[in-house]
There are 2 protein chains.
Amino acid sequence: MILLDGAATAKSIKLEIASEVEALKKAGKKIPHLAAVLVGEDGASMTYVGSKVKSCEEVGFASTLITRPASTTESELLEIVRQLNNDPDIDGYILQLPLPKHIDEHKVLLAIDPEKDVDGFHPVNVGRMMLNLPCYLPATPAGIIELLRRYQVPTEGKHVVVIGRSHIVGLPVSILLQRNANPGNCTVTIAHSRTNDLKSLCASADIIIAALGKPEFVTGDMVKDGAVVVDVGITRVPDPSKKSGFRIAGDVNFAQVAEKCSYITPVPGGVGPMTIVSLLMNTLSAVKKHR
Amino acid sequence: MILLDGAATAKSIKLEIASEVEALKKAGKKIPHLAAVLVGEDGASMTYVGSKVKSCEEVGFASTLITRPASTTESELLEIVRQLNNDPDIDGYILQLPLPKHIDEHKVLLAIDPEKDVDGFHPVNVGRMMLNLPCYLPATPAGIIELLRRYQVPTEGKHVVVIGRSHIVGLPVSILLQRNANPGNCTVTIAHSRTNDLKSLCASADIIIAALGKPEFVTGDMVKDGAVVVDVGITRVPDPSKKSGFRIAGDVNFAQVAEKCSYITPVPGGVGPMTIVSLLMNTLSAVKKHR
């Protein structure tokens, strides 16, 4: 079994990005500047945004963190979006999801300038991804593809089962994996809550992408010998033995599944760090595109 | 076996559209106006465009057919697109594909105003479709969904195998069928030229969507008893016994497959007429949206 070590891979990609930033600096060019907007005080969101800002610092990007209380109105948030769109110093920015319930998420996402949408959530970027045109790829799917690429995991002709049909992970990763590309050229099945006999389906898969958000859902009996398993899950599970009071659980029962796999991602340290690195790569490409 | 009679279904939908147009007229409102642009003299394209224009007349739409020789330059075509974008009388328009090789298809499609892109090919519409936002759905996938809806073919939890990953049929129909909707909620596998053991995969499917463009590719041994088969193929095959010198063949060997099916579309008279009706429905919705 080979561990798809997202933390180590992300670290080496960050070094590559840092040296690109260094080169930009030396050439007297603008360094990338990523902004992040966080509305409310959700603990997990605060952690994610914190990691993103910290990663920016590590690679030499400029970063701006904009925090607002959960009581922020939709029009106040739209005004922030407008300012970020018009600020020539900001190359890309992200809006940490979920937003408070009283704000129409779609409305705000649609207001983001697609050229600065380094999360790849705007319909223009989603459509361009589907049509295989240049775009910002959504961060988590792109991170998964990059991890498979770096480990040279064979994908052509393989049967992939993606569990979960979310707009930010399941659906886009299924599109990227069926493409005529490497990694890619997979026969992709997208499964979800209405799928019959998910157990047999998974047991027939060469590659499983678990992205449903249910801790330890994928058990040993659902995985065939030699399968590749990518665990996108990242749920906080109460754990009194931890100082924080919780532990991070993936969608895969690692102890049962790992021994059957040819490759598997750990949680944490698998897909998570790769997601952040994708965001940095999108921001770097934004600078290259704009300047 | 029940025939999914696209021709008859299209006919009754056309009557519904015609009565809506009649109501618009009576209310003194603008009637829908669809334009079609045809570059070159490809026989099949001329037939398709002709059917579309004729269908406009049947339902009471205004229509404009713009034909240009194969020698038309990209900038000449872009100028036509610009004029159509700016013409307030045109509600929607289509560019018949394929375009001559010397014209960059993507460049021209990107120039179409997404609000008038009733073929649903522009990245904005593709992205909005994927995110389940209001949009023009691509005509063939939307026609397939409408046919399944009208015949109340059960889809929830069914395993669909889509053969072919084109941007205009295979990929979008796979997205529409996995959605949390009815028709929808299918477990969808997208298969293509790199898929291993396509025969077994198809034989396990509850629903097969054949959209690869290879005449009579799906044979009896690839279909399980009781399956639903939708044939998107429409290839001209030389046939000296016909006056035209050719016959239209689907991607399914109908004689072998039909007897095993619960539902099947014929070719011609299946998906084809539904595609045209989708275009009319998109144009009607364009009028409603703009006025």
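Everything discussed here concerns the structure shown above.
The structure displayed is predicted, hence computed values, not measured ones. In every chain, residue numbers begin from 1 and rise along the written sequence. Each chain is given a letter, starting from A, and each ligand a number, starting from 1, according to the order in which they appear as written. Reporting of local features is limited, given that this is a predicted model, to residues whose pLDDT is at least 70; pairs of side-chain atoms are given and counted only at 80 or more, and all residues count toward the totals for whole chains, interfaces and linings. Hydrogens are left out, water is left out, and the side-chain values use all remaining heavy atoms of the structure.

**What about the sheet that holds strand 5 (residues 159–163) of chain A?**
Spatial strand order, 1(A)-11(A)-8(A)-7(A)-5(A)-6(A)-6(B)-5(B)-7(B)-8(B)-11(B)-1(B): 12 strands in an open sheet with mixed pairing. The open sheet has two edge strands with one neighbour each: strand 1 (2–3) of chain A together with strand 1 (2–3) of chain B. With two bridges connecting them, strand 8 (residues 228–231) of chain A and strand 11 (residues 263–264) of chain A associate as parallel partners. Its bridge partner being in strand 11 of chain A, A:V229 is matched across the sheet by A:I264. It only takes one pair of heavy atoms within 4.5 Å for two residues to be counted as in contact. Whenever a helix is involved, its axis is fitted only over the stretch in contact; in every case the axis is a line through C-alpha atoms, and angles between N-to-C directions fall within 0 to 180 degrees. Put simply, DSSP H or I for four residues or longer makes a helix, DSSP E for two residues or longer makes a strand, and each gets a number counted from the N terminus. Where helix 7 (residues 170–178) of chain B meets the sheet, its contacts fall on strand 6 (187–191) of chain A together with strand 5 (159–163), strand 6 (187–191) and strand 7 (207–210) of chain B, and the angle it forms with strand 6 of chain B comes to roughly 170°. Between any two strands, pairing holds if DSSP finds at least two bridges.

**Here's the deal with the pattern of salt bridges**
Think of it this way: side chains of opposite charge can pair up when their charged atoms draw near. Salt bridge, as used here: a side-chain nitrogen of Lys or Arg that lies within 4 Å of a carboxyl oxygen of Asp or Glu. Applying the stated rule across the entire model yields 29 salt bridges over all chains. Of the charged contacts, one joins A:E20 and A:K288 as a salt bridge, the two residues approaching to 2.9 Å between their closest N and O atoms. Here A:E20 is found in helix 1 (residues 6–26), whereas its partner A:K288 is found in helix 10 (residues 271–290), with 268 residues between them in sequence. Residue B:E58 is joined to B:K54 by a salt bridge in which the shortest nitrogen-to-oxygen separation is 3.2 Å. With a gap of four residues between them, B:E58 and B:K54 both fall in helix 2 (residues 43–59), about one helical turn apart. According to the relative accessible area criterion, B:K54 is exposed, its value standing at 52%. Each residue's exposure class comes from its accessible area (1.4 Å probe, protein chains only) as a fraction of the maximum for that residue type: buried when under 20%, exposed when over 50%, partly exposed otherwise.

**Notes on the interface of chain A and chain B**
Tallying the contact residues gives 35 residues for chain A and 36 residues for chain B. Accessible area that two parts lose when put together, evaluated with a 1.4 Å probe and summed over both, is termed the buried area. Buried surface at the junction of chain A and chain B, both sides included, amounts to about 3,100 Å², of which 61% is carbon and sulfur. If you sort the residues of chain A by the area they bury against chain B, A:M130, A:L131 and A:R194 come out on top, with a joint share of 22%. The tally of links between chain A and chain B comes to two salt bridges. Among the ionic pairs, B:R194 bridges to A:E156, the shortest N-O distance being 3.1 Å. By the criterion applied in these results, polar contacts are pairs of N or O atoms within 3.5 Å in which, for protein atoms, one can donate a hydrogen and the other can accept it, and in which residues neighboring in sequence qualify only through two side-chain atoms. The tally of links from chain A across to chain B stands at 19 residue pairs in polar contact (both at pLDDT 80 or more). Where the side of chain A that touches chain B is concerned, the elements lending two or more residues are helix 4 (105–111), helix 5 (123–130), helix 7 (170–178) and strand 6 of chain A. Tallying contributions element by element places helix 5 of chain A first for the side of chain A that touches chain B, with seven residues. For this classification, Asp, Glu, Lys and Arg are treated as charged, while Ala, Val, Leu, Ile, Met, Phe, Trp, Tyr, Cys and Pro are nonpolar and the rest, including Gly, are polar. Taken together, the residues of the side of chain A that touches chain B sort by class into 17 nonpolar, 13 polar and five charged. Examined bridge by bridge, strand 6 of chain A and strand 6 of chain B share three bridges and lie antiparallel to one another. Within strand 6 of chain B, the residue paired with A:V188 across the bridge is B:I190.

Geometric values such as these leave the question of function open.
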